[in-house]
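Below, each chain spelled out in residue letters.
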Amino acid sequence: MTTTEQIARAAVRRVLGDAAHVDVTTFPAGNLSLSVHSGDHTATIDGDDSSGWGWTVDPGTDDGFTGHEDVAETLDDALIGVRGRIGA
């Protein structure tokens, strides 16, 4: 199954709760970029089901597109990692 915008939004709600807000961008190749806001924290998660998911919590403004601090095989694993960092 391919992760769609709707599946990604449901995963954020399931793992981080209703207080988390997510913006999802879908690219033509099918990969997604999620910007998740919860409390005073922001996380970015980029990827797809075939290549994995890179994620960063509270990226610096000068980080640009330098890559992600962490990677996960699944979107749920990335969200669980984010939850561990932000305490949601």
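All figures in this text were calculated on a predicted structure; none of them were measured in a lab.

This brings us to the packing of helix H1 (residues 5-16) against helix H2 (residues 75-86). H2 packs onto H1 with a crossing angle of 40° between their chain directions and a minimal axis gap of 10 Å. If you check the angle between H1 and H2, you find them oblique. The interaxial crossing formed by H1 with H2 has right-handed handedness. Within the contact between the two elements, H1 uses Ala8, Ala11, Val12, Arg14, Val15 and Leu16 and H2 uses Leu75, Asp76, Leu79, Ile80, Val82 and Arg83. The class makeup of the residues in the contact of H1 with H2 is nine nonpolar, no polar and three charged.

Along the polypeptide, aspartate 48 turns up in strand E3 (residues 41-48). For the buried aspartate 48, which has no salt bridge, the nearest side chain bearing the opposite charge is arginine 14, at an N-O separation of 16 Å. Among the polar contacts listed, one links the side chain of aspartate 48 to the backbone nitrogen of serine 51, at a separation of 2.7 Å. The contact partners of aspartate 48, leaving out residues within four places of it in the chain, are Gly30, Asn31 and Trp53.

Criteria and cut-off values
Residues numbered from 1 in each chain as written. Predicted model: local features only at pLDDT ≥ 70, side-chain atom pairs only at ≥ 80, totals over all residues. Heavy atoms only, no water. Axes fitted to C-alpha atoms, helices over the stretch in contact; angles between N-to-C directions. Helix = DSSP H or I, 4+ residues; strand = E, 2+ residues; numbered from the N terminus. Parallel < 35°, antiparallel > 145°, perpendicular 65-115°, else oblique. Left-handed = near helix turned anticlockwise from the far one by under 90°. Contact = heavy atoms within 4.5 Å. Nonpolar A, V, L, I, M, F, W, Y, C, P; charged D, E, K, R; others polar. Buried < 20%, exposed > 50% of the residue type's maximum accessible area, 1.4 Å probe, protein only. Lys, Arg positive; Asp, Glu negative; His and termini not counted. Salt bridge = Lys/Arg side-chain N within 4 Å of Asp/Glu carboxyl O. Polar contact = N/O pair within 3.5 Å; in protein donor to acceptor, adjacent residues only side chain to side chain.

Take it as geometry only, folks, not as evidence of what the structure does.
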